[in-house]
Every structure is written in C-alpha cells, then in structure tokens.
Amino acid sequence: MAQQLLFICSQNRWRSLTAERLFEGHATYQARSAGTEPGARVRVTAGHLGWADVVFVMERKHADILRQKFPEAVAGKLVVTLRIPDKFQFMDHILQDLLRERLREHLPQL
C-alpha cells in the first residue's frame, strides 16, 4: 500500500501543489495538498490530516496553525517542516529541486 503524504502551505497554489504534482503516478507514495489560509485553493481539514501518514509543511508557521486548529488530528502524527519560503511559482524548477532535496531524507524511494 502506498504511503500517504500531505503537503501544506498557505494558499495551496504554488509550493504544496507543486509537491503534490511531483508524486503523480508514483508507485510508492500518494500525495495530496492543502493550504492553511481562508482563501486557499483547498483548505486543510481534519480529514486531510487523518488521511495522511506523514504531513509536510513548508514553514514552521504552518505546523503551528495545524497544531492549534487540529490538535487531535495531528497528535502522534509525523509533521516535517521543509523550510521552503513563499517565493516560487507553481512548478518552478528551483522549487522542484529544493523539494526533492529536502524530501529525500524522509522518503527513501523518491
């Protein structure tokens, strides 16, 4: 069974959506993405967090928001901060390289 990965950023338009797309059709990992802000393309819910085996956030503030809004859903869940700033466009090549580099230590079959 595929490991389920959830990627979180603020608006779910550039960073987390790019991360989700990197895993399309991957044999080992399934990915979804969401955002923390009210205007996000897909806004994160407790259901998203419950689905995920691992949650990757782009910035520490995203992890803080998840712990504040969904304490039960993130309790005991691995939440990894990737430290990727909000300065990239969707599918930016530098963003893709940075995501692969930061994810490699957590996802051996990337």
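- An unreviewed UniProt entry lists the protein chain under the name Protein tyrosine phosphatase, with Hymenobacter sediminicola given as the organism.

## Considering helix α5 (residues 93-104)
Right, on to step 1. Its twelve residues give α5 an end-to-end C-alpha distance of 16 Å, which sits within 8% of 16 Å, the value for a rise of 1.5 Å per residue.
Right, on to step 2. Lining the buried residues of α5 we find β1 (3-9), α1 (15-22) and β3 (54-57).
Right, on to step 3. Its side-chain oxygen placed 2.7 Å from the backbone nitrogen of Ile94, Asp92 serves as the N-cap of α5.

## A short note on the UniProt feature "domain: Phosphotyrosine protein phosphatase I" (unreviewed entry) in the protein chain
Right, on to step 1. The feature "domain: Phosphotyrosine protein phosphatase I" (unreviewed entry), as annotated in UniProt, sits at residues 3-109 in this numbering.
Right, on to step 2. Its end C-alpha atoms 11 Å apart, residues 3-109 is made of 37% helix and 21% strand.

## Examining the packing of α1 against α5
Right, on to step 1. Where α1 contacts α5, the axes come no closer than 10 Å and their chain directions differ by 70°. Here α1 lies roughly perpendicular to α5, going by the angle between them. In this structure, α1 meets α5 at a crossing whose hand is right-handed. Residues Arg15, Thr18, Ala19 and Leu22 of α1 touch α5, and the partners they reach there are Leu95, Gln96, Leu99 and Arg100.

What counts and what doesn't
- Residues numbered from 1 in each chain as written.
- Predicted model: local features only at pLDDT ≥ 70, side-chain atom pairs only at ≥ 80, totals over all residues.
- Heavy atoms only, no water.
- Helix = DSSP H or I, 4+ residues; strand = E, 2+ residues; numbered from the N terminus.
- Expected span 1.5 Å × (residues − 1).
- Contact = heavy atoms within 4.5 Å.
- Polar contact = N/O pair within 3.5 Å; in protein donor to acceptor, adjacent residues only side chain to side chain.
- UniProt positions renumbered as here; feature names shortened; annotations may be inferred.
- Axes fitted to C-alpha atoms, helices over the stretch in contact; angles between N-to-C directions.
- Parallel < 35°, antiparallel > 145°, perpendicular 65-115°, else oblique.
- Left-handed = near helix turned anticlockwise from the far one by under 90°.

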